[in-house]
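Here is what each chain is made of, one letter per residue.
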Number of protein chains: 4
Amino acid sequence: MTVTAALLKPRKSPVQARSVVTLDALHSAAIQVLTREGLGRCTTTRIAARAGISVGSLYQYYPNRDSLLAAVLEKHLDGVARAVERACRGHQGKPVAEMASGLVTVFLDVKLRNPRESRALYVIAEGIGGAKLAERLRTRMVTAMTDMLVSASDAHFADPDITAAIALSSLVGPVRLLLDGHAPTGFEASLEKQLVVLLTAFLQAHAN
Amino acid sequence: MTVTAALLKPRKSPVQARSVVTLDALHSAAIQVLTREGLGRCTTTRIAARAGISVGSLYQYYPNRDSLLAAVLEKHLDGVARAVERACRGHQGKPVAEMASGLVTVFLDVKLRNPRESRALYVIAEGIGGAKLAERLRTRMVTAMTDMLVSASDAHFADPDITAAIALSSLVGPVRLLLDGHAPTGFEASLEKQLVVLLTAFLQAHAN
Amino acid sequence: MTVTAALLKPRKSPVQARSVVTLDALHSAAIQVLTREGLGRCTTTRIAARAGISVGSLYQYYPNRDSLLAAVLEKHLDGVARAVERACRGHQGKPVAEMASGLVTVFLDVKLRNPRESRALYVIAEGIGGAKLAERLRTRMVTAMTDMLVSASDAHFADPDITAAIALSSLVGPVRLLLDGHAPTGFEASLEKQLVVLLTAFLQAHAN
Amino acid sequence: MTVTAALLKPRKSPVQARSVVTLDALHSAAIQVLTREGLGRCTTTRIAARAGISVGSLYQYYPNRDSLLAAVLEKHLDGVARAVERACRGHQGKPVAEMASGLVTVFLDVKLRNPRESRALYVIAEGIGGAKLAERLRTRMVTAMTDMLVSASDAHFADPDITAAIALSSLVGPVRLLLDGHAPTGFEASLEKQLVVLLTAFLQAHAN
DNA sequence: CATGAATGAGTCTTCATTCAT
DNA sequence: GATGAATGAAGACTCATTCAT
């Protein structure tokens, strides 16, 4: 683990119930401050205040501001990755149409479950070294998808990892459009169906 | 134009040759500082220094830091939008396969022409009121695409604007993956082909 | 309370002993810097330095520079107003000669007790929204004087509030002359007597 | 002449008509900017712009910002002093009642002729070394008044210079009250009469 | 352990002044 | 002479981080 990486790790493990509670409070406080005030005004003091603790205590849990934000981001991305992995395992050996449908469903589910949080994290990700984190989690998801794709009952993929990477990343843009509230009228209603069409068509195009 | 919008506008028009040069220097300086130091360290002083001018001079061209960054972003997005609009006009009445191919080619072309700049702008967009700008430009592109889609010789679209919005946004993720350098080996080589497959399959799925 | 007014209020109440000390230190530091360096050089950094604290700490007590200066001004003016009010109450029902004498005495007393501070505040008053403050305090004094005048045992005033306003303001110039050190030799020695003569003559001129 | 004094002098004498015009334009531009924007925003660039010339040209006439403001102040005070001196000469040998009346009339006349300008100058005076200037002009006026007082046909003054200083300075406060717009209703209407009463009573109190 | 006052480096922004054109 | 772009020192203010209580 590099020095930089070490600095982004939480300081104490949540062995005690209180810690877990505080950690959670800090996470949601961070997200609230972020969405309410913007990254510029998202200060440690404000986060601590909203979490109901003192700045000093915040530093008991995280060595610095960025590690807190990174933890929030990681927690979110980990949730997304877990959900995708589970879905992929659950669709092993199925036809690609089912895979596409299953994938879209979970993806939308985790991303839209808490839209406010999802949006806040895009902002965090740019501000800190979010790219590294995002990549690690993306790799997990692509791996899981690749495994699923190669098991498809009705298709064969020449470059399953590349197909997986494209398929996954192609979902990101449309979802973000919706989260940002910039989508055309009727977009949300048909988003899931459209994305299923998109993914299914793409995956079937590789079937021979 | 709102007050806020006014504040994001350049201060002086580049009527003189020198101004144009300085303006360009500022733009690329901003991009360099951004990619080299990150948004957090992208200060007016550093930008000015890299551009070879004084802070004072920077403020002769832009009323504040955000207006400079916004201008850089807008210039880039405007270039993308123009290219997409031109491509859409050029594929009126063609079959959807050609449309997909033309769109992907143009999109990759403008986005990858200056990868460093493209990446920097993702960071800017989050930090400032980039969402507004991005939406305006996206609207232009979606409009152009919608017009193109309805003219397709071999397909009919029930909701062409939604199809356009999804099609366009589905390209964003994969391209960014490449720009961020997180793509699997061989990704770049096949990206264009893959995206053409993706878009063609999606559009043809709507054909009846 | 308007927004502007709110911005000129101290940030934290001096509930703790330490705060009171720091607040006092800031006030006298401000006055010292003001008289030693002038309003132009009366910067937050310099005030903080002279007060023996950091700029950051200064901003824990006042939201901005002007609110600090305004507080200093208000404290001074409030002291003057209190003294005048007390004197006015103490001379209810007396003949105008005694009123004049009493008023001049307290006025000189409070203004000359700390000449350095008195002078500094003229400078402050111009720079910030001192006019508003000054007016409020002046109104208090004029009101108190008006009450006193109407109770005079040997005179009747047709427009007691106007008479009060003129009487009070006529003292300002001569006192300031002395504070600024521009008075002729022997001025200070006879100032009190002269002002008593001035005020008495003026008030008696209204007696019928 | 000290170095400081030299720096506050205009750079070129208005030998040419154009210079006079420009100088006047600068003076009123300064006053306008001052009243419209406040001392803080009263920059050389803005003054020059309002005067219709360039900053560079401004520096052709004054070596620095303060010398310009000082010149504006001096011109105003000189006007006041001249008027007072003339009035004093014109009332030589008259009874004190006439002197008082004449002085008040003239003082109000010059101060209220251009209230906006008068007010603006209080602000200037504090910001720059206005005290020095003010004192010089005040000395002229006190001298003229002293001469007048000693010639009074119906009174003898033990300390005519002190009496003059007090008399003059006692007018300042009331007039400023009016200029600042903080005077009670009916104040302006009766100000002249009241001040005549004030001064007459004061001067006659010295008569034996 | 918690607290939150104190710190001071670092940001943006302004503006008097100069000088090349 | 006139111009106004360029300069950069200096000011107000913020905020991550520390540490005495």
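This is a predicted model, so every value here is computed, not measured.

(A) Structural detail: the overall build of chain A. Along chain A, the regular secondary structure elements total 10 helices and 0 strands. Dimensions of chain A, computed from C-alpha atoms along their principal axes, come out at roughly 60 × 45 × 30 Å. In chain A, buried positions account for 48% of the 208 residues. For chain A, the distance from the average position of its 24 positive side-chain charges to the average position of its 18 negative side-chain charges is 10 Å.

(B) Spatial organisation of the protein's contact with DNA strand F. Among the 30 residues in the neighbourhood of DNA strand F, the closest are listed as Thr-44 of chain A, Ser-57 of chain B together with Arg-46, Tyr-59 and Arg-65 of chain C. The sugar-phosphate portion of DNA strand F accounts for 72% of its atoms within 4 Å of the protein, the bases making up the rest. At 3.2 Å, a side-chain N or O of Arg-46 of chain A approaches a phosphate oxygen of DNA strand F. In the environment of DNA strand F, a phosphate oxygen lies 3.0 Å from a nitrogen or oxygen atom belonging to the side chain of Ser-57 of chain D. Secondary-structure elements contributing two or more residues to the surface near DNA strand F are α3 (44-51) and α4 (55-61) of chain A, α4 (55-61) of chain B, α3 (44-51) and α4 (55-61) of chain C together with α4 (55-61) of chain D. Each residue belonging to the surface near DNA strand F can be placed in one class, and the counts come to 6 nonpolar, 16 polar and 8 charged.

(C) Quick peek at the protein's contact with DNA strand E. Taken together, 29 residues surround DNA strand E, and among them Arg-46, Tyr-59 and Arg-65 of chain B, Ser-57 of chain C together with Thr-44 of chain D come closest. In the interface set of DNA strand E, defined as its atoms within 4 Å of the protein, sugar plus phosphate atoms amount to 72%. In this structure, a base nitrogen belonging to DNA strand E sits 3.4 Å away from a main-chain N or O atom of Gly-56 of chain A. Separating a phosphate oxygen of DNA strand E from a side-chain N or O atom of Tyr-59 of chain D is a distance of 2.9 Å. Its residues placed into classes, the surface near DNA strand E shows 8 nonpolar, 15 polar and 6 charged.

(D) Here's a closer look at the nonpolar core. In terms of nonpolar packing, the biggest core is built from 139 residues, with Ile-47 and Leu-195 of chain C together with Ile-47 and Leu-195 of chain D touching the most fellow members. Beyond its immediate chain neighbours, meaning those up to four positions away, Ile-47 of chain D contacts Leu-26, Ala-29, Ala-30, Val-33, Cys-42, Leu-58 and Leu-68 of chain D. If you look at the next biggest cluster of nonpolar residues, it comprises 138 residues, including Ala-120 and Tyr-122 of chain A together with Leu-149 and Leu-199 of chain B.

(E) Inspection of the environment of Leu-73 of chain A at higher detail. Tracing the sequence through the fold places Leu-73 of chain A in helix α5 (residues 65-90). Spatially, the C-alpha atoms of Leu-73 of chain A and Ile-124 of chain A are 7.2 Å apart, while their sequence positions differ by 51 residues.

(F) Highlighting the relation of the copies chain A and chain B. Between the two copies, chain A and chain B, the superposition gives an RMSD of 0.3 Å; the rotation angle is 179° and the shift along the axis is 0.1 Å. Here the transformation between the copies is reduced to the relation of a two-fold axis. By C-alpha distance to the rotation axis, the residue of chain A lying nearest is Ser-170 of chain A, at 2.2 Å. Same-surface contact between copies: 100% of interface residues of chain A are shared with the interface of chain B.

(G) Spatial organisation of helix α6 (residues 96-113) of chain D. All names here are of chain D. With 18 residues, α6 ought to run about 26 Å at 1.5 Å a step, and its terminal C-alpha atoms sit 25 Å apart, in line with that. By the burial criterion, the buried members of α6 are Val-96, Met-99, Ala-100, Gly-102, Leu-103, Val-104, Phe-107, Leu-108, Val-110 and Lys-111. Among the structural elements, α5 (65-90), α7 (115-127), α8 (130-150), α9 (160-179) and α10 (187-206) are those in contact with the buried residues of α6.

(H) A look at the interface of chain A and chain B. Across the contact, 32 residues belong to chain A and 32 residues belong to chain B. Interface of chain A and chain B: buried area, both sides summed, is about 2,900 Å²; carbon and sulfur atoms make up 69% of it. Here chain A is connected to chain B by 0 salt bridges. At the boundary of chain A and chain B, one finds 2 residue pairs in polar contact (both at pLDDT 80 or more). Elements with a minimum of two residues in the side of chain A that touches chain B: α7 (115-127), α8 (130-150), α9 (160-179) and α10 (187-206) of chain A. Among the residues making up the side of chain A that touches chain B, the classes are represented as 17 nonpolar, 10 polar and 5 charged.

(I) Geometry of the side chain of Glu-85 of chain A. All names here are of chain A. Inspection of the secondary structure puts Glu-85 in helix α5. Overall, Glu-85 belongs to the buried group, its relative accessible area being 18%. Discounting residues that sit within four places of it in the chain, Glu-85 has contacts with Arg-140 and Ala-144.

(J) Quick peek at the pattern of salt bridges. All names here are of chain B. All chains considered together, the criterion is met by 36 salt bridges over all chains. Asp-78 is the salt-bridge partner of Arg-140, the closest N and O atoms lying 2.8 Å from each other. Placement of the pair is Arg-140 in helix α8 (residues 130-150) and Asp-78 in helix α5 (residues 65-90), with a sequence separation of 62 residues. A salt bridge links Arg-176 to Asp-180; the nearest nitrogen and oxygen atoms lie 3.5 Å apart.

(K) Broad picture of the side chain of Thr-146 of chain B. Positionally, Thr-146 of chain B belongs in helix α8. Excluding residues within four positions of it along the chain, Thr-146 of chain B makes contact with Pro-160, Asp-161 and Ala-164 of chain B.

(L) Local environment of the environment of Gly-186 of chain B. All names here are of chain B. Among the secondary structure elements, Gly-186 is positioned in the loop between α9 (160-179) and α10 (187-206). Relative accessible area serves as the criterion here: at 38%, Gly-186 is assigned to the partly exposed category. Once the C-alpha coordinates of Gly-186 and Arg-119 are considered, the two residues, 67 residues apart in sequence, prove to be 20 Å apart.

(M) Inspection of the relation of the copies chain D and chain C at higher detail. With an axial shift of 0.2 Å and an RMSD of 0.3 Å, the rotation relating chain D to chain C amounts to 179°. Most of the interface of chain D is mirrored in chain C: 100% of its interface residues are interface residues there too.

(N) Up close: the arrangement of the chains. At the level of C-alpha atoms, the two units chain A and chain D stay apart, their nearest approach being 28 Å. Left apart from each other, chain B and chain D have a closest C-alpha approach of 13 Å.

(O) Geometry of the packing of aromatic side chains. Taken as a whole, this structure holds 0 aromatic pairs over all chains when the rule is applied. It is Arg-176 of chain D that lies over the ring of Tyr-122 of chain D; its NZ or CZ is 4.0 Å from the centre.

(P) Geometry of the interface of chain D and chain C. Counting residues at the interface gives 32 residues for chain D and 32 residues for chain C. Summed over both sides, the interface of chain D with chain C buries roughly 2,900 Å², with 68% coming from carbon and sulfur. On the surface where chain D and chain C come into contact, there are 0 salt bridges. Where chain D touches chain C, the interface holds 2 residue pairs in polar contact (both at pLDDT 80 or more). Of the residues contributing to the side of chain D that touches chain C, the split by class is 17 nonpolar, 10 polar and 5 charged.

(Q) Structural detail: the environment of Met-99 of chain D. All names here are of chain D. Relative to the elements of secondary structure, Met-99 occurs in helix α6. Put simply, Met-99 and Ala-201 are 102 residues apart on the chain and 12 Å apart in space, counted from C-alpha to C-alpha. The contact partners of Met-99, leaving out residues within four places of it in the chain, are His-91, Gly-93, Lys-94, Met-148, Leu-149, Ser-151 and Ala-152.

(R) Spotlight on the packing of α6 of chain D against α7 of chain D. All names here are of chain D. Closest axis-to-axis distance for the α6/α7 pair is 5 Å, and the angle between their directions is 85°. On the basis of the axis angle, α6 is roughly perpendicular to α7. Counting all contacts with α6, which are made through Val-110, Lys-111, Leu-112 and Arg-113, the residues of α7 involved are Pro-115, Ser-118 and Tyr-122. The residue makeup of the contact of α6 with α7, split by class, is 4 nonpolar, 1 polar and 2 charged.

(S) Layout of the packing of α7 of chain A against helix α7 (residues 115-127) of chain B. It is at 9 Å that the axes of α7 of chain A and α7 of chain B come closest, and there the two elements cross at 130°. Classified by the angle their axes make, α7 of chain A and α7 of chain B are oblique. Seen along the crossing, α7 of chain A lies across α7 of chain B with a hand that is left-handed. Touching Tyr-122, Val-123 and Glu-126 of chain A of α7 of chain A are Tyr-122, Val-123 and Glu-126 of chain B, all from α7 of chain B.

Definitions and limits used
- Residues numbered from 1 in each chain as written.
- Chains lettered and ligands numbered in written order.
- Predicted model: local features only at pLDDT ≥ 70, side-chain atom pairs only at ≥ 80, totals over all residues.
- Heavy atoms only, no water.
- Helix = DSSP H or I, 4+ residues; strand = E, 2+ residues; numbered from the N terminus.
- Buried < 20%, exposed > 50% of the residue type's maximum accessible area, 1.4 Å probe, protein only.
- Lys, Arg positive; Asp, Glu negative; His and termini not counted.
- Charge placed at Lys NZ, Arg CZ, Asp CG, Glu CD.
- Near = heavy atom within 4 Å.
- Polar contact = N/O pair within 3.5 Å; in protein donor to acceptor, adjacent residues only side chain to side chain.
- Nonpolar A, V, L, I, M, F, W, Y, C, P; charged D, E, K, R; others polar.
- Core = buried A, V, L, I, M, F, W, Y, C linked by side-chain atoms within 4.5 Å.
- Contact = heavy atoms within 4.5 Å.
- Least-squares fit on C-alpha atoms with pLDDT ≥ 70 in both.
- Expected span 1.5 Å × (residues − 1).
- Buried area = accessible area lost by both parts, 1.4 Å probe.
- Salt bridge = Lys/Arg side-chain N within 4 Å of Asp/Glu carboxyl O.
- Phe/Tyr/Trp six-rings, centres within 6.5 Å; stacked < 30°, edge-to-face > 60°.
- Lys NZ or Arg CZ within 6 Å of the ring centre and 35° of its normal.
- Axes fitted to C-alpha atoms, helices over the stretch in contact; angles between N-to-C directions.
- Parallel < 35°, antiparallel > 145°, perpendicular 65-115°, else oblique.
- Left-handed = near helix turned anticlockwise from the far one by under 90°.

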